[in-house]
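For reference, the chains in residue letters:
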Amino acid sequence: MSGKIKIGIIGATGYTGAELIRILLDHAQADIQYLTTTSAAGQDIGEIYPFLRPRFSQKLTKYELSAAQKLDAVFICLPHGRSMELAPELVNAGVKVIDLGADFRFRDLAIYEKTYQKHTAPEINAQAVYGLPEYNRAQIKKAKLIANPGCYVTAATLALKPIVENLAFVEGSLIIDAKSGVSGAGRALRQDTHFLEVYTNFSTYKLGVHRHQPEIEQNIGASVVFAPHLLPVNRGILATIYVKLHEKTNTDNILSILQKQYQNEPFVRIVEKAPTLKDVVGSNYCLISPTIVGDGSQLILVSALDNLVKGASGQAVQNMNIMFGLPETTGLERLALNP
Ligand SMILES: NC(=O)C1=CN([C@@H]2O[C@H](COP(=O)(O)OP(=O)(O)OC[C@H]3O[C@@H](n4cnc5c(N)ncnc54)[C@H](OP(=O)(O)O)[C@@H]3O)[C@@H](O)[C@H]2O)C=CC1
Ligand SMILES: CC(=O)N[C@@H](CCC(=O)OP(=O)(O)O)C(=O)O
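For clarity, every value in this text was computed on a predicted model and none was experimentally measured.

Thresholds applied
Residues numbered from 1 in each chain as written. Chains lettered and ligands numbered in written order. Predicted model: local features only at pLDDT ≥ 70, side-chain atom pairs only at ≥ 80, totals over all residues. Heavy atoms only, no water. UniProt positions renumbered as here; feature names shortened; annotations may be inferred. Helix = DSSP H or I, 4+ residues; strand = E, 2+ residues; numbered from the N terminus. Contact = heavy atoms within 4.5 Å. Pairing = 2+ DSSP bridges. Axes fitted to C-alpha atoms, helices over the stretch in contact; angles between N-to-C directions. Buried < 20%, exposed > 50% of the residue type's maximum accessible area, 1.4 Å probe, protein only. Near = heavy atom within 4 Å. Areas by Shrake-Rupley, 256 points an atom, 1.4 Å probe, with all protein chains shown as cover. Nonpolar A, V, L, I, M, F, W, Y, C, P; charged D, E, K, R; others polar. Domains from an automatic or database assignment. Parallel < 35°, antiparallel > 145°, perpendicular 65-115°, else oblique. Left-handed = near helix turned anticlockwise from the far one by under 90°. Buried area = accessible area lost by both parts, 1.4 Å probe. Salt bridge = Lys/Arg side-chain N within 4 Å of Asp/Glu carboxyl O. Polar contact = N/O pair within 3.5 Å; in protein donor to acceptor, adjacent residues only side chain to side chain.

Engineer: Could you give me a rundown of the UniProt feature "active site" (unreviewed entry) in the protein, with the residues and numbers involved?
Structural biologist: On the UniProt side, "active site" (unreviewed entry) is annotated at positions that read Cys151 here. The topology assignment puts cysteine 151 in helix α8 (residues 151–166). Once residues within four sequence positions are removed from consideration, cysteine 151 is found in contact with His212, Ile237, Leu305, Asn307 and Gly311.

Laid out in structure tokens, this is it:
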């Protein structure tokens, strides 16, 4: 295509919307033209996120299809259930849509409906491509609608998928003990995520009923035990993942399986020392380390990423790059966190 990509962000006042703006301002082919809100129409985005000033100024407006259909690409950053109202008309108008929510992530709508709510756009769901570039690059290239994966799901899938596909493991032994920064819960006020509930505290939530469990299971084709935790930090996900193998092995063997899988991937790094949140926050990288412990059959994987970047907006830009035939790393290689 000639010229820059004309971009809209639906739900620009939220955390993933603001993170998209942060990333796209340093993307040579991106032209952010349209930002929507339901609550702050008429305000400049720089009034809500002063860190964007003075580089970027743009008025927020209420969503209108007539304006959105003039764009090349639209990122939908809305609460679950809203994208299926908007995406069909955008896709039919020829706009490429990248949805950061969960509405189009499930191939089996019965699982979606059991986990979330009734699906009102099954025809469009059938056209959606799951936006995990490391596994779906060829389909993403041709896609009209991308279902961007969840943040915990990206961390867990990238670590576990090569293991379950290459090694015999004890059924029921896959345990994902994952911790997330509070920005994972979005910008809206909630009692369980406000400062005094989270600061100097540490807690589990939604044990056994979290909606990311079926999404992880869809991706890796095996059942998992998933235990999410809320960490008193702004951003980042660190997942400690346990796998009981049928045969004894060593760490070097697992390292070579993971390295072989991801050797050409720009945003997955296999490391020997277990990654920390500081290693990834602000960047689009997912860092994964394997360690074999005990008698040689117990594997512990540590997977770390930034929930707002590789877990959301960075991965969304990676998908946009693939859809528009750009180098996949455009705008994502030198990301540094703006405090
Ligand atoms: N935060 C994270 O780490 C991740 C989030 N996601 C997913 O991305 C999506 C966006 O998340 P996030 O940015 O964190 O969410 P936020 O709550 O921070 O932002 C949501 C946005 O949607 C707007 N909005 C709220 N309610 C409605 C409504 N009923 N109709 C239309 N617009 C509404 C809000 O703004 P306004 O009130 O101005 O309209 C805001 O711009 C969600 O589906 C989330 O699950 C995915 C991966 C990671
Ligand atoms: C800390 C926190 O609350 N995190 C969110 C995950 C957000 C996310 O990645 O996921 P979705 O796109 O699937 O909403 C949660 O547990 O629901």
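Engineer: Can you break down the sheet that holds strand β8 (residues 175–180) residue by residue, with the values?
Structural biologist: The sheet built from seven strands is open, its strands ordered β9-β10-β8-β11-β14-β13-β12 with mixed pairing. Of all strands in the sheet, those bounded by a partner on one side alone are β9 (203–204) and β12 (268–270). Pairing between strand β11 (residues 237–244) and strand β14 (residues 298–305): eight bridges, direction antiparallel. Residue pairing across strands places threonine 240 opposite valine 302, the latter belonging to β14. Where α8 meets the sheet, its contacts fall on β8, β10 (225–230), β11, β12, β13 (286–293) and β14, and the angle it forms with β14 comes to roughly 140 degrees. Relative to the sheet, helix α11 (residues 251–262) contacts β12, β13 and β14, its axis offset from that of β13 by approximately 155 degrees.

Engineer: Before we move on, could you go through helix α1 (residues 15–24) and cite the residues and values that matter?
Structural biologist: Buried residues dominate α1, accounting for eight of its ten residues. Regarding α1, the residues found buried are Gly17, Ala18, Glu19, Leu20, Ile21, Arg22, Ile23 and Leu24. Packing partners of the buried residues in α1 comprise β1 (5–10), β2 (30–36), α2 (45–48), β4 (73–76) and α12 (309–323).

Engineer: Which residues make up the site of ligand 1, and what values do they have?
Structural biologist: Contacts to ligand 1 come from 25 residues, most closely from Thr13, Thr37, Thr38, Leu78 and Arg82. Computed on the free molecule, ligand 1 has an accessible area of 900 Å², of which 81% lies beneath the protein chains in the complex. Where the shell around ligand 1 is concerned, the elements lending two or more residues are α1 and α12. When its residues are assigned to classes, the shell around ligand 1 shows nine nonpolar, 14 polar and two charged. Each of domain 1 (5–149 + 310–323) and domain 2 (151–307) contributes no fewer than three residues to the shell around ligand 1.

Engineer: Break down the packing of helix α7 (residues 133–142) against α12 for me, citing the residues and quoting the values.
Structural biologist: Running from N to C, α7 and α12 point in directions that differ by 40 degrees, and their axes come no closer than 9 Å. With respect to each other, α7 and α12 are oriented oblique. Of the two possible hands of crossing, α7 and α12 adopt the one that is right-handed. From α7, Pro133, Glu134, Arg137, Ile140 and Lys141 reach across to α12, where they touch Lys310, Gln315, Gln318, Asn319, Ile322 and Met323.

Engineer: Give me the domain arrangement of the protein: which residues, what numbers.
Structural biologist: According to the domain assignment, the protein consists of domain 1 (5–149 + 310–323) and domain 2 (151–307). When each unit is reduced to the centre of its C-alpha atoms, the spacing between domain 1 and domain 2 is 25 Å. Tallying the contact residues gives 26 residues for domain 1 and 31 residues for domain 2. On the domain 1 side of the interface with domain 2, the three residues burying the most area are Tyr15, Tyr135 and Lys310, jointly 31% of the side's total. Along the contact surface separating domain 1 from domain 2 lie three salt bridges. For the salt bridge of arginine 235 with glutamate 19, the shortest nitrogen-to-oxygen distance reads 2.7 Å. Remark: the boundary between domain 1 and domain 2 carries 20 residue pairs in polar contact (both at pLDDT 80 or more).

Engineer: For unusual backbone geometry, give the residues involved together with the corresponding values.
Structural biologist: With an omega of -5 degrees, the peptide bond running from arginine 53 to proline 54 counts as cis. With respect to the element layout, proline 54 can be found in the loop between α2 and β3 (60–61). The backbone of threonine 200 sits at a positive phi, close to 55 degrees, despite the residue not being glycine. For threonine 200, a relative accessible area of 67% translates into the label exposed.

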